Amino acid sequence: MDSEALRSFVRAAELGQLRPAAEESGVTQQAVSKRIAALERELGVRLFARTARGVELTLDGQAFLPHARSIVAGVERAVAAVRPGARALRIDVLGRRSAQAVVLHDYWRSRPGTDLDVVTLRVDDPRVAAAAVAAGDVDASFRTVTEPAARPPDVRTIHAFDSPLELLVGPRHPLAAARSLTPARLRGHRIWVPGIAPGSEWSEYYDQLATAFDLRVDAAGPHFGDEVLLDVLAESADVATLVGARDRYLWPTSHDLRRIPVVNPTLAYPLALLLPRTNPHPALRGLITHLRNLPELPEPVWRPTWAARP
């Protein structure tokens with residue numbers, strides 16, 4: 001059933017005339033008359049009777065009007081639900097405690113009226129996240145498709161921000177007393193990063209990092225969650241891990257874990273934003289401005305070869 005014909009019928013019934021209904025829709029009176037005639041043929045009943053002053057509803061028209069109103073209102077709600085700017089900005093992050101989520105929260109606090117929907121796509125392959133952006137399931141995603149040819153043509157990548165890495169260790173680790181560390185001082189130490197998914201951007205990141213600085217990055221064993229990882233670090237004299245400076249980790253005070261910056265060069269994990277090439281959500285403009293105003297890392301900085309440049 002033609003929604004425009006239904007809309008014309010409803011307004012003509014409310015106004016009692018075809019001409020004002022046509023003017024509201026930006027069409028001719030003849031066009032409105034044809035729409036209503038087509039609707040009457042489809043229904044097999046007469047909806048209006050002509051009068052000297054305009055039109056009046058027939059008994060069938062009176063019975064049909066409340067249902068037509070409901071349908072028109074439903075169509076308008078459906079359109080509004082997907083119209084950019086009329087719904088919440090949906091952003092995909094890797095986790096609720098990740099650096100991306102922290103930066104998004106800072107952005108929302110700076111603009112508390114922003115209607116923001118933070119979601120976590122349960123996927124490791126960034127190409128799946130890119131497909132979700134292309135399909136409109138999310139408006140943007142903090143992911144990187146490291147091979148540009150694998151990115152959908154209607155999705156583009158921009159640099160979001162760099163997340164500096166820190167070494168996270170327990171009190172018994174030989175590096176626990178350091179105020180800062182160079183990558184060279186990490187050589188020979190076991191850096192345990194469980195849950196590195198093959199084909200993920202962080203898998204490629206750690207491969208390049210280990211090669212560039214001759215590090216021992218160990219992804220062995222299943223990832224039982226951050227709590228178990230933190231328990232292991234607290235009890236170990238030889239296990240460390242790498243975390244982002246903005247990533248949120250909570251542990252009991254008895255763990256006495258230490259976060260130690262890695263410098264000269266700073267090890268940067270580059271965060272990128274996938275977003276549609278055309279018709280992006282209007283609220284993305286404010287978020288991108290916020291990201292560009294974040295402070296840059298002090299040089300020297302190491303980034304992987306696939307990093308989107310600031």
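Residues numbered from 1 in each chain as written. Predicted model: local features only at pLDDT ≥ 70, side-chain atom pairs only at ≥ 80, totals over all residues. Heavy atoms only, no water.

A. Molecular detail of the environment of Pro198. Relative to the elements of secondary structure, Pro198 occurs in the loop between strand E7 (190–192) and helix H7 (201–213). Once the C-alpha coordinates of Pro198 and Arg248 are considered, the two residues, 50 residues apart in sequence, prove to be 24 Å apart. (Helix = DSSP H or I, 4+ residues; strand = E, 2+ residues; numbered from the N terminus.)

B. Structural context of the packing of helix H5 (residues 99–110) against helix H9 (residues 284–292). One way to put it is that H5 packs onto H9 with a least axis distance of 11 Å and a crossing angle of 115°. Considering the angle they form, H5 stands roughly perpendicular to H9. Note that H5 runs across H9; the crossing there is right-handed. Residues Val103, Leu104, Asp106, Tyr107 and Ser110 of H5 form the contact with H9, whose own contacting residues are Gly286, Leu287, His290 and Leu291. (Axes fitted to C-alpha atoms, helices over the stretch in contact; angles between N-to-C directions. Parallel < 35°, antiparallel > 145°, perpendicular 65-115°, else oblique. Left-handed = near helix turned anticlockwise from the far one by under 90°. Contact = heavy atoms within 4.5 Å.)

C. The pattern of salt bridges, seen in detail. Inspection of the entire model under this criterion finds 11 salt bridges. A salt bridge links Arg143 to Asp92; the nearest nitrogen and oxygen atoms lie 2.9 Å apart. Linking Arg143 in the loop between strand E5 (140–141) and strand E6 (155–169) with Asp92 in strand E3 (residues 89–92), this pair joins segments that are 51 residues apart in sequence. With its nearest N and O atoms 2.7 Å apart, the salt bridge here joins Asp162 to Arg303. In this pair, Asp162 sits in strand E6 while Arg303 sits in the segment after strand E12 (301–302), placing the two residues 141 residues apart along the sequence. Of the residues examined, Arg303 reaches a relative accessible area of 15% and is grouped as buried. What you see here is one network of salt bridges that share partners, running through Arg11, Glu14, Glu24 and Arg69. (Salt bridge = Lys/Arg side-chain N within 4 Å of Asp/Glu carboxyl O. Buried < 20%, exposed > 50% of the residue type's maximum accessible area, 1.4 Å probe, protein only.)

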